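Topology and contacts: notes
Here is how the chains run, residue by residue.
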Amino acid sequence: MKRLSFVRSLLSLVLSAAIVQPLAAQSASPVSLEPTADTAKVLSARAPTNAAELKLIQDQLLKVIDRVMPATVAVEIRGAAGSGVIVNKEGLVLTAAHVVGRAGRRGWVQLPDGRRLRGTSLGANHEVDAGMMQIDEPPDDLPFIPVSTGPALDPGQWVVTIGQPGGIVKDRAPPVRFGRVLFRDEGLLCTDCELVGGDSGGPLFDMKGEVVGIHSSIGPMVTHNFHVPVTCFNKDWDRLVEGDVWGGHYDDDPNAKPLLGVRGSAESGNCVITAIFPGLPAESAGIKVGDVITAIDGRPISTFDELQRIVFHKQPGDRLKLEIDRAGKTLEIAVRLGGDE
């Protein structure tokens, strides 16, 4: 265990160096990055045993990051904000079901190079949190990444997570985290890759640079976080593309989606509001950019993902009591959730 922690600490330094290059200089390709035989052997071992083996992992990791980063996008749909990944030249985006909600919603897909493209939500499987979105007019040079069609990941396999928490931030490349698969179950994949609010819908990659999962939720510990295996997408691919929505309370009322109308991020263990959507409940209630939401209905929260999850399981018209830290002053704001018809 100590050796694995040491390996991850060293490679975190690699990640910091990997994302300083200009995004415009990077490229994406549908071709997978097969590791060399020596690298594949090291990746399949419990841990590298010397500096040379660590260097092999580092080199493969840098190749994967350079390949996949341009296609990792920010997604905005009617007051919900998250991440996603473009998976074909036609502009299909994989994301989380709780980000898209239901089919036919208009939204935006923003690329790391700054381009902001109109899109429409497609299908969503709320049983496992798998969703899709389609870019309306994909440009000819649209970056995209292949989806894995291989077997389900096994515990111990190295993986890379990327997301766009807080949306596209100028001069900041998408945050990258590196770790391993802890366990998998039907419709669920758990890794020790750290997630924060706003990562929802972002991609999980294997060491070939293929999409193997989509971020779903933050776990009970920093080192236990959950993803939708890409096998769930592959199983229901046609149904999702056609716009079917199923699972969760959408089975009962496909038009009911509770809306608060904020975007946020997790900074130093806080749920920080980074944007307010005009005309939605948060604006009417007086919530402001920079507010830190510390509790909802008396329940402490520390990430934006927790806020999204709580709102997701409410109904339009429900009331929330928010405890907010605004520049060191504690406020209580009551807000009535809206609904997206």
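Look above for the structure.
My aim in this report is to walk through the structure given alongside it, one point at a time. (Residues numbered from 1 in each chain as written. Predicted model: local features only at pLDDT ≥ 70, side-chain atom pairs only at ≥ 80, totals over all residues. Heavy atoms only, no water.)

**A closer look at the pairing of strand 17 (residues 292-296)**
Looking down a regular strand, the side chains alternate between one sheet face and the other. Counting buried positions along strand 17 yields four of five residues, so the element is predominantly enclosed. Pairing of strand 16 (residues 271-276) with strand 17 involves two bridges; the strand directions are antiparallel. From the neighbouring strand, Val272 faces strand 17, where its bridge partner is Val292. One ladder, built from four bridges, connects strand 17 with strand 19 (residues 319-326); its direction is antiparallel. If you follow Ala295 over to strand 19, its bridge partner there is Glu323. Bridge analysis of strand 17 against strand 18 (residues 299-300) gives two bridges, and the strand direction is antiparallel. By the bridge assignment, Ile296 is partnered in strand 18 with Arg299. (Buried < 20%, exposed > 50% of the residue type's maximum accessible area, 1.4 Å probe, protein only. Helix = DSSP H or I, 4+ residues; strand = E, 2+ residues; numbered from the N terminus. Pairing = 2+ DSSP bridges.)

**A few points about the packing of aromatic side chains**
Scanning the model with the defined rule gives one aromatic pair in all. When the ring of Trp158 is compared with that of Phe178, the centres are 4.8 Å apart and the planes differ by 5°; the resulting orientation is stacked. With Trp158 in strand 7 (residues 158-162) and Phe178 in strand 8 (residues 176-185), this pair connects stretches of sequence that are 20 residues apart. The exposure classification of Trp158 matches that of Phe178, with both residues buried. If you follow Arg239 out to its NZ or CZ, it ends over the ring of Trp246, 3.7 Å from the centre. (Phe/Tyr/Trp six-rings, centres within 6.5 Å; stacked < 30°, edge-to-face > 60°. Lys NZ or Arg CZ within 6 Å of the ring centre and 35° of its normal.)

**With respect to the sheet that holds strand 11 (residues 211-221)**
A barrel is described by the order of its strands in space; here six strands give the closed sequence 7-8-9-12-11-10, paired in antiparallel fashion. Each strand of the sheet is rotated relative to its neighbour by a mean of 45°, with strand direction disregarded. Bridge count for strand 7 against strand 8 is five bridges, and the pairing is antiparallel. Residue pairing in the sheet places Thr161 in a bridge with Arg177 of strand 8. (Axes fitted to C-alpha atoms, helices over the stretch in contact; angles between N-to-C directions.)

**A look at unusual backbone geometry**
For Asp129, which is not glycine, the phi torsion reads 80° and is therefore positive. With respect to the helices, strands and loops of the structure, Asp129 is situated in the loop between strand 5 (116-125) and strand 6 (130-135). Even without being glycine, Asp297 reaches a positive phi, approximately 50°. Looking at the secondary structure, you find Asp297 in the loop between strand 17 and strand 18.

**Here's the deal with the packing of helix 2 (residues 37-44) against helix 3 (residues 51-68)**
If you want to describe how two helices pack, look at the angle between their axes and the distance between the axes. Where helix 2 contacts helix 3, the axes come no closer than 9 Å and their chain directions differ by 105°. Put simply, helix 2 runs roughly perpendicular to helix 3. Where helix 2 abuts helix 3, its residues Asp38, Thr39, Val42 and Leu43 lie against Glu53, Leu56, Ile57 and Gln60. In the contact of helix 2 with helix 3, the residues fall into four nonpolar, two polar and two charged. (Parallel < 35°, antiparallel > 145°, perpendicular 65-115°, else oblique. Contact = heavy atoms within 4.5 Å. Nonpolar A, V, L, I, M, F, W, Y, C, P; charged D, E, K, R; others polar.)

**Overview of helix 2**
Buried within helix 2 we find Thr39, Val42 and Leu43. The buried residues of helix 2 all sit within an arc of 100° when viewed along its axis, so they share a single face. Exposed residues on helix 2 whose side chains face more than 90 degrees from its buried face are Ala37, Lys41 and Ser44. Packing partners of the buried residues in helix 2 comprise helix 3, strand 7 and strand 8. (Arc of directions from axis to C-beta.)

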